[in-house]
Every structure is written in C-alpha cells, then in structure tokens.
Amino acid sequence: MSQTAAAKVEHAFEFRGNGWEYFRIWIVNLALSILTLGIFSAWAKVRTRRYFNGSTWVAGHNFDYHASGMRILVGRAIALALLLGYELSVKFLPPLGVLFFLVGLFVFPWLVVSSIRFNARNTSYRNVRFNFAGTDVEAFVAYMVWPFVGMITMGLLWPLAQKKKDTFYVNGHNYGGRYFEADISTARLYAIFTLGLVLIIALAAALGTAFVYLISHGPSVSGPLSYLLSKKLMVGAVVLAIYAAIAFIGPAIHTMILNLVVSSTTFDEKHQLKSTMSPIVMAWIFISNAILVLITLGLFYPWARVRARRYQLDHLTLLIQGDADSYVSEVFDTQSAVGEEIGSVFSFDFGL
Amino acid sequence: MLGRYFFPNAARAVHARAVKTDTGLLRIEELDGGLLTEAPLQAVKISSRLANLPRRLAMPNGGCFETLDNDGIDALIGEMRHLLGGGWIDRFERSWRAVVFAILFAAAMVAAYVIWGVPATALALAKATPDWLATTISTEGLKSFDQHILKDSTLTSAEQHRAQALFDSLNHAGACGNHHCELVFRQGGWIKANAFALPDGHIVLTDELFRLVKSDDELTGVFAHEMGHVVYAHGLQRIYQASVIPAFIIVVTGDVSQVSQLAVLLPTLLIETSYSREFETDADRYAIKTLRRMGKNPAAMAALLERMEKQLCGPKGCPLSWLGDHPDTARRARMMRQLP
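Residues numbered from 1 in each chain as written. Chains lettered and ligands numbered in written order. Predicted model: local features only at pLDDT ≥ 70, side-chain atom pairs only at ≥ 80, totals over all residues. Heavy atoms only, no water.

Caption draft 1: Here's a closer look at the overall build of chain A. On a plain count of helices and strands, chain A comes out with 11 helices and 11 strands. When each of the 352 residues of chain A is scored for burial, the buried share is 43%. Sequence separation of at least 24 residues holds for 74% of the intrachain contacts in chain A that already meet a minimum separation of 6. Accessible area of chain A: about 17,900 Å², with a carbon and sulfur share of 70%. (Helix = DSSP H or I, 4+ residues; strand = E, 2+ residues; numbered from the N terminus. Buried < 20%, exposed > 50% of the residue type's maximum accessible area, 1.4 Å probe, protein only. Contact = heavy atoms within 4.5 Å. Areas by Shrake-Rupley, 256 points an atom, 1.4 Å probe, with all protein chains shown as cover.)

Right, dumping it as structure tokens:
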C-alpha cells in the first residue's frame, strides 16, 4: 500500500471520572429509586449514562447523553409488559405462549433497533449527534436468523453469526451523517472462538483433575455410603471446574472479540479505531470485580464499573487522518443531518 | 465565564466567554469581544449539574456554549435555579450527610424488603393464585419430575394400601385443610428417600423413604409434614420468591450488567434457602400439632429424621451447612421430642 494519504494522528481515549464521584451518584440514585418504587430508576439511568459519557474524553472533547427519563420509563413499562405477558403465558398457557413467541420473533428486532437508535441519537460529541440507520429487517437477520443458523449447525457457523451481528451494529451507526464501517476478518474470528473452546476444555480438564485428586486424597468419609458420596462430590467438582473455566475464559474471549471488532472499524473511510485490551487483565478485572462486589454487599459496584471502564478506555485510541479540528470543522460545519429532529421519531430505550 | 462555543448544528468550536448583560441577556462573545450570539436567560437551556462534567448552555439559535465553570453557571442562574430540573439531586450527591443517609436508607430498605417484603409479596401472590393455576403448575411439575428423575413405584399393592390408609386417615382428620390431598407413589432415582408436596395437594412418596420407615407413626409424620406445606401454600410461595428477588435487584440497580450477574445469583440463593428453612420449621410444627391432635407421638418423626441423616452422611451425621435448605437435624428432632 502506498503512503499517499496524510499521516494518522493518534488520539487516546481517556476516562476522567472516578469511583467516589460515581459512588455518590449511584447511592443517591439507589435511594431515590427505592423511595419511588423504581420509577426514578429511569432518570437514574440518564444520570449514569450522562456521567459515563461525559467522563469519556478524546481529542480534547467529551461525549454527552441527552435522553429524557420519561422516555426511558415508557420504554421500560412496555418491555416489562411484554416480558410478563410472555413469561406468564409460557408457564401457564403454553398455546398462548407459542403465539407470543411468534409475535416476539418479529417484535424483538424492532425493539433492538429502537433501543440502539435511541441511545445513538441521544449521544453527542462536539455538539453533533450520533445516529443509527440499521433497519428492522437487517436486525431480524442479524439477531434471529444468524444465531438460529449458528445453533442448528452445532456452533460451526456461530462465529459467522457473531460477525453479522457486530457488523450490523457498527455499520448502522453514523456520526453527523458519516458512517462507521466494520471489516471483521472471518478467519480471525474463527481463530478466537477455536482458541476459546480449546482453552475452556483444557482449563476445565486441569481444574477437574486437581479437584478430583484433592477429594480422593483428602480426608475420607467413612460409612457404607462413602462411595456414593464421593462419586457425588466428584461430579460436583467437575461441574465446578467447567464453570470456573467458563467464568475466566468467557470474559477473555469477549475481550478478544471486542478488540478485533473495534480495531476493524473505520470512520468516514479514513479514520480508525484501535483497541488493545489484554484478555487476561480484562478477565481478572471481571472476576475480581464480581468477588469484591459480593463481599462488600454491593458497595464496591461503582468502583467496579469505573475500573472496568477506565481500563477499556485506556486501551482505546482514535487514529485521525490529518488534523482533528480542521477535519471536524470542515466536515461537520453545515450538515443537514446534524440537526435532525430527535423527538419526532418513535424510539425508546428498552434496556437491551 | 470562559468556555467554548459551538456554532449552530456544527462541531466547529471557538474559545468564548459568557456574560450576563445589564438588560438580562446572556451574551456569548469571542475572547476579543465580538458577538457570537445572545438571548434572554430564560430562553437558554442549561444542562443540570452532574459531578464535575462540563455544563452545556443550548442557545435558541442552535449554538451551544460549554464550560467547566460549574460554580460560575450556578451563580449566573442564581434565583432562576428553581426553573431547572434536577439541581436538587446534584446537591444530594455533593452533600456527605445526604450520601451517608442514602447508604443507610438503602441498606435498611433492602434488609426490610428481604426480611418482610419478599415473604409478604410471595404470600399475597400465593393466596391470589387460582386453583386451576396451581393445578397446572403441579401437573407440569410432576410431569417433568417423571421425565427426568422419578420412575414407577415398585411397592407391592399391600404396601401401597398400608400407606394409603394412613394418608386417608390424615385426610379424614382434616389435616389437608380445605385442599384435596392425593398420595402419589414413585421410585426416587437420585433424590432417594424423600417426600415432597405439589401446590395442588399431590404428595409424592418415594419407595426408598417408605422402606426406611419403621412404624406407622413415622409415615404419618412424613405425610403431616408435607400436608403442612400444602396448607401453608409453601410451594407457590417458593416459586414467587424465586422470581421476586431477581426482579427487585434489577429494578434497584437499573439493569443487570455483567458485573452484577454473579452478585445477583448468590444472594438470591442464600435468601431463598433461608426462607426455605423457615418453611420446613413451619411444616414440622404443623406435623407435630396434627400428630398430637390424632393422639400419636411426634417423637417418631425424630427417629426417622435421624435414620435418614445416618443413611445420607454416615454415623457421624451430616456436616453443618448453612447453605442447606433444611434446618439442622438435631434441632428438628429436639423440637419433635419436646413435651407439649
């Protein structure tokens, strides 16, 4: 490839929030949500998103979030009604449940698109909003058809389904009318999934062997039923080993996929994103966060979220071709798409 | 007040200054004094304060002034503060007293909800559940048990008659309240010596438990205990409890993200098992009361319990487990042997 284009300048993302700040927002949100029997939680979500968007900086500017709590509340009420209707009908009136399921098959893609669009349109950077232009049909293919194909092929085409889903998500997004585009390598996606499968099996086998060894060489249980008891323990140990392997490998694989998808993304055909998170560090952050949240009875939750977000952003960079300010000024000065009416379109956040 | 001004509907920004004029206008000007835009303060949409994030002043012309000077903005708004929504939440967040109060309040409410709210909700829902629903749940439940765990009973018809007679006498004595209890025989599979009640009054007895029983009073005790579960609608309550707790956690935390998944699962499990132990104690009390009323000896149940434990965990008994969903055997046996 020839180096005809201007050099790309790296702009690192930065998280300027901190745990204490978010803790105070979180605990006040929590208390008010309880006090209002959950109604305030819609506004709590707006404050939370505003805080996380607002604390995210790149190239000298931060992001913002503009949603109204009322819209989120309505969206949640609709989602809750649908979910309750489905749960109840599946449990108690299976024929109605089937009907609900069939309708849901078509409603779900609409919910997904609506939620993504809602959040995109309510997110801004430098006074310009994002938008999402993916269609319901595309969502149906990406979120329903492909996972189904992935399943009936015994997971053989699952990485391809993942690719379709992520491509749909990225390519649907635009910023001020300029599009994002993900060109995800199928081969690398397959490599990641294969690696994940091998690692899970290997780790589960190693842990399982270790547990079984410990049990069979540890203090023995006497009595006529000790054989049965130890067999039960063995089965438990193996199941535990599999869970532990998934708990560690799962987030690591997720991180590798995220790295791949983000780093395969270009904006307006010339600018690039790059994510360089370490899968092992992310897995460790996930597991240690879960443990810390648990032993602090939930109080660590704000620090856990900030910690994960900071690590993610510290390893995210934006490569801009040429000067950021002049590019932005020139391209987004008189965009017709920029000032698009937000409120006129029927879209809600369903928390998906 | 210094900041940046974004031109209407554009990403282009210049360094700018915001000043309040004598005529009550908010004037956004370039650093050298050139006018960018101005508008009456009431027409400007000012974002609410949140931590130390930059504030945005949306001007009527579509332009936007952005500044990190939060205090400056608050001073500028001054007496107009009441026109803005959300300012009071920010004052809560910045006040240490309010934050400490919020922690205590949230903790107290969560504790109260777990101790009283969940059982009360589950009980109310269980009472409001129509009979046809309880029947459907029970039929489906038994069907799935039959598919995965239980097998057809291998008891002889004489053995079944003996158990049925004891069961009928309990039914006759009104031990099942206004429910109609029915006895179901099955081979236990891996659940071994066991008995359990379905919400609609079907009570399943495994062959293994029947063979472990040494006297009629022991078996009567088992039935009375299970009938206690039916009368108190424990089965339905457990179903509702299992769904009420995660729903509550989701409502309170907004959404279940990856961080909190494990953190939701474990408390749910712990809370549920502690409710379940309470149910077992209630059912034991009910059985003791019923047996006494029928002139039988509840201590027989204690003997059976101890035998079951020995079979399960050897002569030393089972290790104490606070995760177990039955209260510890010694305590249950003591309660059954107590004199009235």
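Caption draft 2: Geometry of a nonpolar patch on the surface. Taken together, the side chains of I39(A), W43(A), M70(A) and V74(A) define a hydrophobic patch exposed on the protein surface, amounting to about 340 Å² of accessible area. For M70(A), the position within the fold is in helix α3 (residues 69-92). (Patch = residues over 30% accessible without salt bridge, like charges linked within 9 Å, V, L, I, M, F, W, Y side chains within 5 Å. Salt bridge = Lys/Arg side-chain N within 4 Å of Asp/Glu carboxyl O.)

Caption draft 3: Here's a closer look at the pairing of strand β7 (residues 64-67) of chain B. All names here are of chain B. Every second residue of β7 is oriented toward a common face, with C64 and E66 on one face and F65 and T67 on the other, all of them buried. Relative to β7, strand β1 (residues 2-6) is paired through 3 bridges, and the arrangement is antiparallel. Considered in β7, the bridge of Y5 is made with F65. Relative to β7, strand β6 (residues 55-58) runs antiparallel, the two sharing 4 bridges. Counterpart to A58 in the pairing with β7 is C64. (Pairing = 2+ DSSP bridges.)

Caption draft 4: Highlighting the state of the cysteines. Residue and element names in this part refer to chain B. According to the stated counting rule, one finds 1 disulfide over all chains in the structure shown. Put simply, C176 and C181 are joined by a disulfide, and their sulfur atoms are 1.5 Å apart. In terms of burial, C176 and C181 fall into one category: buried. (Disulfide = S-S within 2.5 Å.)

Caption draft 5: Structural context of the sheet that holds strand β4 (residues 35-40) of chain B. All names here are of chain B. Pairing is antiparallel across the open sheet formed by 7 strands, whose spatial order is β4-β3-β2-β1-β7-β6-β5. Each edge of the sheet is formed by a strand with only one pairing partner; in this case those strands are β4 and β5 (45-46). On the sheet, helix α1 (residues 70-77) packs against β2 (13-20), β3 (25-30), β5, β6 and β7 and is oriented at approximately 40° with respect to β6. (Axes fitted to C-alpha atoms, helices over the stretch in contact; angles between N-to-C directions.)

Caption draft 6: Molecular detail of helix α4 (residues 94-121) of chain A. Helix length check: α4(A), at 28 residues, gives a terminal C-alpha distance of 38 Å against a target of 40 Å (1.5 Å per residue), a fit within 8%. Residue L105(A) marks the point of greatest curvature in α4(A), where the axis turns by about 35°; the proline P109(A) follows within four residues. (Expected span 1.5 Å × (residues − 1). Bend = angle between axes of the 7 residues up to and from the residue.)

Caption draft 7: Structural context of the nonpolar core. Counting residues in hydrophobic clusters, the biggest one holds 65 residues, and the most contacted among them are F13(A), Y22(A), I27(A) and Y51(A). Ranked by residue count, the leading element in this core is helix α1 (residues 19-35) of chain A, at 10 residues. (Core = buried A, V, L, I, M, F, W, Y, C linked by side-chain atoms within 4.5 Å.)

Caption draft 8: Spotlight on the sheet that holds strand β9 (residues 265-267) of chain A. Residues and elements named next belong to chain A. Read across the sheet, 11 strands follow the order β1-β11-β10-β9-β8-β7-β6-β5-β4-β3-β2 without closing on themselves; strand pairing throughout is antiparallel. Pairing within the sheet leaves two strands with one partner each, and these edge strands are β1 (8-12) and β2 (14-15). Pairing between β2 and strand β3 (residues 56-58): 2 bridges, direction antiparallel. The residue of β3 that forms the bridge with E14 is W57. Across the sheet, helix α2 (residues 41-54) touches β2, β3, β4 (61-65) and β5 (123-125), and the angle it forms with β4 is around 165°. Those strands touched by helix α6 (residues 158-172) are β6 (128-132), β7 (173-175), β8 (178-182) and β9, and its axis lies near 160° from that of β8.

Caption draft 9: Here's a closer look at the pattern of salt bridges. Residue and element names in this part refer to chain B. In the structure shown here, the tally under the stated rule is 23 salt bridges over all chains. Residue D216 pairs with R162 through a salt bridge whose shortest N-O separation is 3.2 Å. With D216 in helix α7 (residues 216-231) and R162 in helix α5 (residues 157-172), this pair connects stretches of sequence that are 54 residues apart. Assessed through its relative accessible area of 36%, R162 is described here as partly exposed.

Caption draft 10: Structural view of the environment of A31(A). In this fold, A31(A) is placed in helix α1. In this structure the C-alpha to C-alpha distance between A31(A) and F193(A), which are 162 residues apart in sequence, comes to 42 Å. If we skip the residues at most four places from it in the chain, A31(A) touches A102(B) and F105(B).

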